[in-house]
Amino acid sequence: MQVHRRLVIQVQGYDARGLAENFEHFRREYRRACELYGLTGEVGAAEETPETFSGTWNVTTHGDGWQVETHYRLLRWDDIVRNDFTRAVWWKIVQIYRTTGIALLNGAFGRMLRKNWRFALVAFFPILLITTWLWLGSFVGILCMNLVAALGAPALVAKIVGGVTGVGGFASLLWLSEPITGLLQRCDEAASIDQFVNGKRRDWSERLDEFAADVAKAVRKNKADEIVIVGHGFGAVLAINVLGRALTRDGALGRSGPRVAMLTLGAALPVVGFNPEA
């Protein structure tokens, strides 16, 4: 089937970027794709629809003897993610150890490791890095404590200096590396996924229900030749969840009208799928 009109519905991943940032990212990558594949195209202005928590824009792509009109719809929940980011740093650190411990005990990490050790290493990366920073911070604290003690300071003073410099060293490593590693964001994401899997995120569930209603309505009323539901990273997990909720609302969804397809990119599906509580 040749597609002339397409509706793309992207479910945003665990990302605090708003509509403007996502739109600029799309425009940049679209230009690169056109240059890579020898295409031409135009991207229209982005429009925000607050009542449906979405942003939309139109794209026209020209190739050799063909043209496709695409209506792009971004289903957003960056407001919820930004609220997650306000949680205390100590809480995030405790949660990454708790969620990793659960994954080790319930066998989820072992399943990932047997299937693909590289993916398992990526999933285990946050706790490896944060533990490294803790060890380095402790090393700085012990070094300063011994140095102060060697200068003749009372033992209590040396221990206080060691404790302060140790915590300071850890905090400095965490703060300086955050723009590069996104470590605290990874801690937030891990904790939030665990809450969602265990039914403790009512705000997520309510937003996903709204997304599902939006998808069901779009499939029923859209005149496109094809509808593609897209998810990247943890957005892939949510995209499947949204489509499942939409099918619960309308079991005949996609059986008539435009063809419905799903595309997952950089999918984090094993993070949830290998969890026996999911």
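For the structure, see preceding data.
K.L.:
What exactly am I supposed to notice about the overall build of the protein chain here?
P.N.:
If you tally the helices and strands in the protein chain, you get 10 helices and seven strands. Radius of gyration (C-alpha) of the protein chain: 24 Å, far over the 19 Å computed for a compact globule of 278 residues. Each principal axis of the C-alpha distribution contributes one length, and for the protein chain these read about 80 × 40 × 40 Å. By the burial criterion, 41% of the 278 residues in the protein chain qualify as buried. Considering only contacts within the protein chain whose residues lie at least 6 apart along the sequence, 71% involve residues at least 24 apart. Averaging the coordinates of the 31 positive side-chain charges in the protein chain and doing the same for the 27 negative ones gives two points 6 Å apart.

K.L.:
Explain the packing of helix α5 (residues 117-150) against helix α7 (residues 183-197) here, please?
P.N.:
Each pair of packed helices gets described by two things: the angle between the helix axes and the distance between those axes. Where α5 contacts α7, the axes come no closer than 10 Å and their chain directions differ by 125°. For the element pair α5 / α7, the angle class is oblique. The interaxial crossing formed by α5 with α7 has left-handed handedness. Contact residues: α5 offers V122, F125, P126, L129, I130 and W133, while α7 offers L183, R186 and C187. Classifying every residue of the contact of α5 with α7 by side-chain character gives eight nonpolar, no polar and one charged.

K.L.:
Explain the nonpolar core to me, please; I cannot follow it from the model alone.
P.N.:
Where a protein is soluble and globular, its nonpolar side chains tend to be buried together. Judged by nonpolar contacts, the single largest core of 31 residues is most densely connected at W77 and V215. For this core, the secondary structure elements donating two or more residues are β1 (5-11), α2 (78-84), α7, α8 (202-221), β6 (226-232) and α9 (234-249). With eight residues, α8 is the single largest residue contributor to this core. What V215 contacts, discounting residues up to four positions off in sequence, is I9, L75, I229, V242 and A246.

K.L.:
Sorry, what's going on with a nonpolar patch on the surface here?
P.N.:
Taken together, L113, W117, L121 and L128 make up a surface patch of nonpolar side chains, about 390 Å² in accessible area. Of all the elements, α5 adds the most residues to the nonpolar patch, at three residues. The exposure class assigned to L121 is partly exposed, which follows from its relative accessible area of 45%.

K.L.:
Would you mind going over the packing of aromatic side chains with me for this structure?
P.N.:
By the definition in use, this model includes 12 aromatic pairs. Here a set of aromatic residues connected by ring pairs shows up, and it is made of Y14, W77, F85, F196, W204 and F234. In this arrangement the basic side chain of R207 is found over the ring face of F53, its NZ or CZ atom lying 3.6 Å from the centre.

K.L.:
Would you explain unusual backbone geometry in this entry?
P.N.:
Most peptide bonds take the trans configuration, and most residues that are not glycine carry a negative phi. The phi angle at F53 is positive, at roughly 50°, despite the residue not being glycine. Looking at the secondary structure, you find F53 in the loop between β3 (47-49) and β4 (54-63). You can call F53 partly exposed: its relative accessible area is 26%.

K.L.:
Explanation requested: the pairing of β4 in the structure shown.
P.N.:
Note on strand geometry: in a regular strand, side chains alternate between the two faces of the sheet. A large share of β4 lies buried, amounting to seven of its 10 residues. Taken together, the four bridges between strand β2 (residues 40-43) and β4 define a ladder with antiparallel strand orientation. Along β4, the bridge assignment pairs V43 with V59. Pairing of β3 with β4, which is carried by three bridges, proceeds in the antiparallel orientation. By the bridge assignment, E47 is partnered in β4 with T56. If you look at the hairpin formed by β3 and β4, you'll find four residues sitting between the two strands, and F53 has a positive phi there, around 50°. Alignment of β4 against strand β5 (residues 66-75), held across 10 bridges, turns out to be antiparallel. The residue bridging V59 from the neighbouring strand is T70, located in β5. The loop that links β4 with its antiparallel partner β5 comprises two residues; one of these, G65, has a positive phi angle of about 85°.

Rules used throughout
- Residues numbered from 1 in each chain as written.
- Predicted model: local features only at pLDDT ≥ 70, side-chain atom pairs only at ≥ 80, totals over all residues.
- Heavy atoms only, no water.
- Helix = DSSP H or I, 4+ residues; strand = E, 2+ residues; numbered from the N terminus.
- Rg over C-alpha atoms; globule rule 2.2 N^0.38 Å.
- Buried < 20%, exposed > 50% of the residue type's maximum accessible area, 1.4 Å probe, protein only.
- Contact = heavy atoms within 4.5 Å.
- Lys, Arg positive; Asp, Glu negative; His and termini not counted.
- Charge placed at Lys NZ, Arg CZ, Asp CG, Glu CD.
- Axes fitted to C-alpha atoms, helices over the stretch in contact; angles between N-to-C directions.
- Parallel < 35°, antiparallel > 145°, perpendicular 65-115°, else oblique.
- Left-handed = near helix turned anticlockwise from the far one by under 90°.
- Nonpolar A, V, L, I, M, F, W, Y, C, P; charged D, E, K, R; others polar.
- Core = buried A, V, L, I, M, F, W, Y, C linked by side-chain atoms within 4.5 Å.
- Patch = residues over 30% accessible without salt bridge, like charges linked within 9 Å, V, L, I, M, F, W, Y side chains within 5 Å.
- Areas by Shrake-Rupley, 256 points an atom, 1.4 Å probe, with all protein chains shown as cover.
- Salt bridge = Lys/Arg side-chain N within 4 Å of Asp/Glu carboxyl O.
- Phe/Tyr/Trp six-rings, centres within 6.5 Å; stacked < 30°, edge-to-face > 60°.
- Lys NZ or Arg CZ within 6 Å of the ring centre and 35° of its normal.
- Pairing = 2+ DSSP bridges.

Honestly, it's all geometry; don't read function into it.
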